[in-house]
Structures are given as C-alpha cells and as structure tokens.
Amino acid sequence: MGRKDWIENLTHQDRLRVEFTARKGGVIEIGLIQYEAEIEGQWKPLVRYDMAHGFFHRDILKPDGTQEKLEIPYTDLAEALTTALEEIHCQWEFYRQAYEERRRK
Amino acid sequence: MTLTREEMFQRNLALTKKRLLHVLRNPSALQPIFPGAHVINLPQDDPELLGANLALAMELARRGDGRPIVMIPEVTEGERWREFREFIVGKRIVDVIPDEDGTYLDLIFEDETQVKLRALAWTNEEGEEQPFIDWILT
C-alpha cells in the first residue's frame, strides 16, 4: 500500500496536509499532519507533526524558516494522531496569529 | 445561516479526526483517495456544513490547482448511507452546479455519473426538527 499524501480541506483558508504510510495490516507511520493557512494569498505551513528523526514531534514553523521543535510522547498511532488534532483544534487561531505577527516584525 | 470560519473549521476537523482514526484501523479506506488529492468531508446530518463544503468543492473545481477533488461521506453505520458512500467514494469531482430549479446541487464526476444533493428536515416525536441530507444517484 505504501505512502499516501493528500489535503484535508477545512475552510476556504485552512487545510491539513496529511501523509500516512500503510502496510496490509494497518497504518504504520504518520508521515505528516501539517496545518496550513492562506495568508495574503499564499498557503503557509504553520505547524507540523511528524515522526521524522525517530520520534513523534511538533514543529512550529516561523516565517524566517526557523522552527520550534517539541517531542510528544505517545503509546500508539491513535494517541499521536489524537494529540496532534486536539492541539490544532485548540491552537489553530493562535498559530495563525503568531505567524502573522512574526511576519510583520 | 452561513457558517463562520471557526464553525466550519471545527466541524470539519471533527469529521476529519473521526475518519483518520478509522483509517488507522482500516488502511483500505486510503485506497479511494488519489495521491495528492483535495479531500472534502460530506456530513450525514449537518446541512449547513454540507452547503459550505459544496461551495468549497465548487471553488476548488473551478479555480483550484489541478489536484483531484474527492468528497468522502462521513463514516456511519446506516445501510442507505453506506450505499451512498460506496457510490461516491473514489470518484473524482469535476464540477458542482445547482440544478435547473435550484432544488438540488449536482455533483458531477469524471466518469459522467452524478449525485443530486439537498438538505431536508423532519420533526421527531419530541417536536424537534432533525436535519438530514437527501440524495439521488444518477
């Protein structure tokens, strides 16, 4: 089955980019959960969750290209996915406002 | 009533979360999604979100980036809804247009099949209005 990526459209200005790797028995890796917002006519990635570097983590992405990385402990993929989506549920407006403020500086 | 950006975001995120957790247990649910596709939720009983998401599908079909567009019906247990899911899942949308008398919105697929969609309501025994989505497969 391999790796698959797609875009989950949430509003006209908000979307998630998702990538899963699956085998016959189930999904084995969350390759990417990335919240993107349309800012001044361009889609910008604001926060990314992935399992690169061997651990599940969150990167807050800044306009200058730097990132804030935080490891997120988890016991299974469902917990990792739930954590990522719950954080986006609670913080999406904060992520967007923080990005826009940094952009103006 | 038109949904606010926050309402649309939160309702769609809840449907996406439910579906992605389903995919973790059932990876075959990934097969109907074209690589790189735009995925739009199709709720079972939320006419406001249905209207907002059809408008989003229409915008992507007409002014999008060329990626395939698919609508994925909410994961539920109902037999009739399951039939609808099986008809629509994995089909690439090429346009969304109101029908001639404005009763339905027509989803037009690449294989030249169509689904006519509209929002209705019924009143339950407690007198509460219950919204639901009606459709015709053509």
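See the structure shown above.
Here is what the cut-offs are and how they apply
Residues numbered from 1 in each chain as written. Chains lettered and ligands numbered in written order. Predicted model: local features only at pLDDT ≥ 70, side-chain atom pairs only at ≥ 80, totals over all residues. Heavy atoms only, no water. Helix = DSSP H or I, 4+ residues; strand = E, 2+ residues; numbered from the N terminus. Buried < 20%, exposed > 50% of the residue type's maximum accessible area, 1.4 Å probe, protein only. Contact = heavy atoms within 4.5 Å. Areas by Shrake-Rupley, 256 points an atom, 1.4 Å probe, with all protein chains shown as cover. Lys, Arg positive; Asp, Glu negative; His and termini not counted. Charge placed at Lys NZ, Arg CZ, Asp CG, Glu CD. Phe/Tyr/Trp six-rings, centres within 6.5 Å; stacked < 30°, edge-to-face > 60°. Buried area = accessible area lost by both parts, 1.4 Å probe. Salt bridge = Lys/Arg side-chain N within 4 Å of Asp/Glu carboxyl O. Nonpolar A, V, L, I, M, F, W, Y, C, P; charged D, E, K, R; others polar. Pairing = 2+ DSSP bridges. Axes fitted to C-alpha atoms, helices over the stretch in contact; angles between N-to-C directions.

S.K.: Just to check I follow, could you spell out the overall build of chain A for this structure?
M.R.: Summing up its helical and strand segments, chain A has one helix and six strands in all. Overall, chain A is about 45 × 25 × 25 Å in size when its C-alpha atoms are taken along their principal axes. Counting over 105 residues, chain A shows a buried share of 49%. When contacts within chain A are restricted to residue pairs at least 6 apart in sequence, long-range pairs at least 24 apart make up 31% of them. Put simply, chain A shows about 5200 Å² of open surface, and 45% of that area lies on carbon and sulfur atoms. Treating the 16 positive side-chain charges of chain A as one cloud and the 20 negative ones as another, the clouds have centres 5 Å apart.

S.K.: Before we go on, may I ask you to explain unusual backbone geometry in this structure?
M.R.: What is expected of a backbone is that most residues other than glycine have negative phi and most peptide bonds are trans. All names here are of chain A. Not every positive phi belongs to a glycine, and Glu-40 is a case in point at roughly 50°. Following the sequence through the fold, Glu-40 ends up in the loop between strand E3 (26–39) and strand E4 (42–50). Positive phi values are uncommon outside glycine, yet His-53 reaches one of about 70°. In this structure His-53 comes out as exposed when scored by relative accessible area, which is 61%.

S.K.: Looking at this model, I keep getting lost on the packing of aromatic side chains. Mind explaining?
M.R.: Residues and elements named next belong to chain B. Scanning the entire structure with this criterion turns up nine aromatic pairs over all chains. Here the aromatic rings of Trp-81 and Phe-84 are separated by 5.0 Å at their centres, their planes lie at 55°, and the arrangement is tilted. With Trp-81 and Phe-84 both in helix H3 (residues 79–88) and three residues apart, this pair spans about one turn of that helix. Taking relative accessible area as the criterion, Trp-81 reaches 3% and is therefore assigned buried. The exposure class assigned to Phe-84 is buried, which follows from its relative accessible area of 0%.

S.K.: Is there a simple way to think about the interface of chain B and chain A in this case?
M.R.: Interfaces are often described in size by the accessible area the parts lose on coming together. In this complex, chain B contributes 33 residues to the contact, which on the side of chain A involves 36 residues. Approximately 3000 Å² of surface area, both sides summed, lies buried where chain B meets chain A, with 64% of it carried by carbon and sulfur atoms. Its largest share of buried area at the contact with chain A, chain B owes to Arg-5, Phe-9 and Leu-24 of chain B, together 25% of the area lost on that side. Taken together, the links from chain B to chain A amount to three salt bridges. Of the charged contacts, one joins Asp-14 of chain A and Arg-5 of chain B as a salt bridge, the two residues approaching to 2.7 Å between their closest N and O atoms. If you list the elements that add at least two residues to the side of chain B that touches chain A, you get helix H1 (5–25), strand E1 (38–42) and helix H2 (47–63) of chain B. A total of 14 residues in the side of chain B that touches chain A trace back to one element, the largest contributor, which is H1 of chain B. Split into classes, the residues belonging to the side of chain B that touches chain A amount to 19 nonpolar, eight polar and six charged. Here strand E1 (residues 2–9) of chain A runs beside E1 of chain B; their pairing, made up of two bridges, is parallel. Of the residues in E1 of chain B, the one forming a bridge with Glu-8 of chain A is Val-39 of chain B.

S.K.: Is there a simple way to think about the sheet that holds strand E3 (residues 93–98) of chain B in this case?
M.R.: What links the strands of a sheet is backbone hydrogen bonding, and the strands pair in either a parallel or an antiparallel sense. Residues and elements named next belong to chain B. Read across the sheet, four strands follow the order E3-E4-E5-E6 without closing on themselves; strand pairing throughout is antiparallel. Edge positions in the sheet fall to E3 and strand E6 (129–137), since each has one partner strand and no second. Mean inter-strand twist for the sheet, computed between neighbouring axes without regard to direction, equals 25°. As paired elements, strand E4 (residues 105–109) and strand E5 (residues 114–123) share four bridges and run antiparallel to each other. By the bridge assignment for E5, Ile-108 is matched with Gln-114. Across the sheet, H2 touches E3, E4, E5 and E6, and the angle it forms with E3 is around 125°. Of the strands in this sheet, E4, E5 and E6 are in contact with H3, which crosses E6 at around 45°.

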